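Remarks on the overall topology
Here is what each chain is made of, one letter per residue.
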Amino acid sequence: MISFSQVSKRYPTGHEALGGISFDIEPAEMVFLTGHSGAGKSTLMKLIMLMERASTGQVIIGGRNLNRMRASQIPFHRRQVGVVFQNHQLLFDRSVFENVALPLQVAGFHSREVGRRVRAALDKVGLLDKEKLNPITLSGGEQQRVGIARAVVNKPPLLLADEPTGNLDPALSAEIMKLFAQFNAVGVTVMIASHDLALVRRLRKRVLTLANGSLVHDGLLPEPQVGG
Ligand code: ADP
Ligand code: ADP
């Protein structure tokens, strides 16, 4: 589903954010991306979404080589990738329903199909009864779940989340991670950038660790050493 082969990214400033990264993620895998601030996590995700292009190396997503993707194909590619942000980027002048409906309207779905799919997505995140509310009236955890519903409403095969629990307390963070695991369980490939190592460790999934733009770990995190 995701294949990076010797991928480097140098920004126009001259800063090399990623240097020669290689890894493969199979369909329906769930992986975490960790590393210090500035390690290159967001850059890696931007390459997958084609918000940035690799300077060298190959990025292949769902069998499509992004290096060769034409501008006209980019909107189609982006619809295959659901994205969840830390600050959820909801529109506070629209209802929960309208926020989740946006990607479908952009994609040109008929209103009856929009309604069906939006309600299916809100149901999956447990917010079916809040569709008419303005998201500003919801709690932080609920707002994040609206963001997740919006990310999955197109049924993308790949879901990316950049620090999705950054503003939430541990109990809410665990709930949000459970939601991602549920999407993963029905076949969605999930990649989550997080620096909450305690939470990541508990979920016992594959972890990619970046440090200064290099991949320094790929696999389960070792168990914490208890006592001596
Ligand atoms: P992380 O998400 O792990 O915090 P980023 O991918 O955001 O890391 O950043 C990696 C490095 O690239 C940092 O040193 C950051 O300052 C730099 N960087 C990120 N975006 C840009 C940009 N648009 N232009 C120049 N440098 C950037
Ligand atoms: P329909 O396929 O008729 O639109 P649903 O929206 O309820 O019905 O989804 C059918 C199944 O597809 C559910 O089990 C759902 O969890 C699963 N599914 C597969 N991929 C995704 C995705 N990216 N987002 C949400 N659900 C998904």
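A few points on the structure. Keep in mind that what you see is a predicted model, and the values were worked out from it rather than measured.

1. Brief notes about the site of ligand 2
In the neighbourhood of ligand 2, the contacting residues comprise Arg116, Ala120, Lys124, Val152, Lys155, Pro156, Phe183, Val186 and Val188. A distance of 3.2 Å separates an oxygen atom of ligand 2 from a polar side-chain atom of arginine 116. Between ligand 2 and lysine 124 there is a distance of 3.2 Å, counted from a nitrogen atom to a side-chain nitrogen or oxygen. Taking 560 Å² as the accessible area of ligand 2 by itself, protein coverage stands at 60%. No other element matches the 3 residues that helix H4 (residues 111–124) contributes to the shell around ligand 2. Its residues assigned to classes, the shell around ligand 2 comprises 6 nonpolar, no polar and 3 charged.

2. Here's the deal with the pairing of strand E6 (residues 81–85)
Of all 5 residues making up E6, 4 are buried, and the element is well covered by its neighbours. In this structure, E6 lies alongside strand E7 (residues 158–162), joined through 5 bridges in parallel fashion. Of the residues in E7, the one forming a bridge with valine 81 is leucine 158.

3. Observations regarding the site of ligand 1
Taken together, Tyr11, Thr13, His15, Ala17, His36, Ser37, Gly38, Ala39, Gly40, Lys41, Ser42 and Thr43 make up all the residues around ligand 1. Glycine 38 has a polar backbone atom sitting 2.6 Å from an oxygen atom of ligand 1. Lysine 41 is positioned such that a nitrogen or oxygen atom in its backbone is 2.9 Å from an oxygen atom of ligand 1. Protein chains shield 66% of the accessible area of ligand 1, which is 560 Å² for the free molecule. Taken together, the residues of the shell around ligand 1 break down into 3 nonpolar, 8 polar and 1 charged.

4. A word on H4
The terminal C-alpha atoms of H4 lie 20 Å apart, and with 14 residues this matches the ideal 20 Å at 1.5 Å per residue to within 8%. Among all positions of H4, only Val114, Gly115, Val118, Ala121 and Leu122 are buried. Down the axis of H4, the buried side of the element spans an arc of 135 degrees, and every buried residue falls inside it. Turned more than 90 degrees off the buried face of H4, the exposed positions are Arg112 and Arg116. Of the surrounding elements, those touching the buried residues of H4 are helix H3 (96–106) and helix H5 (140–152). With its phi angle positive at about 75 degrees, glycine 126 sits one or two positions after the end of H4.

5. Comments concerning the side chain of arginine 150
With respect to the helices and strands, arginine 150 occurs in helix H5. Of the side chains with opposite charge, aspartate 93 comes closest to the buried, unpaired arginine 150, at an N-O distance of 9.8 Å. Here glutamine 89 takes part through its backbone oxygen, which lies 3.0 Å from a polar atom of the side chain of arginine 150.

6. Thoughts on the packing of H3 against H4
H4 packs onto H3 with a crossing angle of 115 degrees between their chain directions and a minimal axis gap of 9 Å. Crossing of H3 against H4: the hand is right-handed. Here Val96, Phe97, Val100, Ala101 and Leu104 of H3 lie close against H4, whose contacting residues are Val114, Gly115, Arg117, Val118, Arg119, Ala121 and Leu122. Within the contact of H3 with H4, the residues separate by chemical class into 9 nonpolar, 1 polar and 2 charged.

7. Quick word on the pattern of salt bridges
The tally for this structure, following the rule as stated, stands at 9 salt bridges. Between glutamate 113 and arginine 116 there is a salt bridge whose closest N-O contact spans 3.3 Å. Here the residue glutamate 113 and the residue arginine 116 both occupy positions in helix H4, the gap between them amounting to 3 residues, near one helical turn. Judged by its relative accessible area of 24%, glutamate 113 is partly exposed. Classification of arginine 116 by relative accessible area gives exposed; the value is 54%. Salt bridges linked by common partners bring Glu29, Arg206 and Asp218 together as one network.

Reading the values: rules and limits
Residues take numbers from 1 onward in each chain, read along the sequence in its written order. Written order decides the labels, with chains lettered from A and ligands numbered from 1. Note on the predicted model: pLDDT of at least 70 is required for a residue's local features to be given, and 80 or more for side-chain atom pairs to be given and counted; whole-chain, interface and lining totals, by contrast, use all residues. The basis for every side-chain value is the complete set of non-hydrogen atoms in the structure, without hydrogens or water. One heavy atom within 4 Å of a molecule or strand is enough for the residue carrying it to be called near that molecule or strand. Here a polar contact is taken to be a pair of N or O atoms separated by no more than 3.5 Å, where protein atoms must pair a possible hydrogen donor with a possible acceptor and residues adjacent in sequence count only if both atoms sit in side chains. Per-residue and other accessible areas were derived by the Shrake-Rupley procedure at a 1.4 Å probe size, with only the shown protein chains allowed to occlude residues. The way it works is that DSSP assigns letters per residue, a run of H or I at least four long becomes a helix, a run of E at least two long becomes a strand, and they are numbered from the N terminus. Throughout, the ten residues Ala, Val, Leu, Ile, Met, Phe, Trp, Tyr, Cys and Pro are labelled nonpolar, Asp, Glu, Lys and Arg are labelled charged, and all others, Gly among them, are labelled polar. Burial here depends on accessible area, computed with a 1.4 Å probe over protein chains only, as a share of the maximum for the residue type. Under 20% is buried, over 50% is exposed, and the range in between is partly exposed. Pairing between two strands is assigned when DSSP locates at least 2 bridges connecting them. In a helix, the anticipated span is given by 1.5 Å times the number of residues less one. An arc is given here, and it is the one of the directions from the helix axis to the C-beta atoms. Should any heavy atoms of two residues lie within 4.5 Å, those residues are considered in contact. The positive count covers Lys and Arg only, the negative count covers Asp and Glu only, and His and the chain ends enter neither. Within this document, salt bridges are pairs made up of a side-chain nitrogen of Lys or Arg and a carboxyl oxygen of Asp or Glu, the two lying within 4 Å of each other. Fitted lines through C-alpha atoms serve as axes, helices being fitted only where they are in contact, and the angles separating the N-to-C directions of these axes extend from 0 to 180 degrees. Helix crossings get a hand from a simple test, with the near helix turned counterclockwise from the far one by less than a right angle marking a left-handed crossing and a clockwise turn marking a right-handed one.

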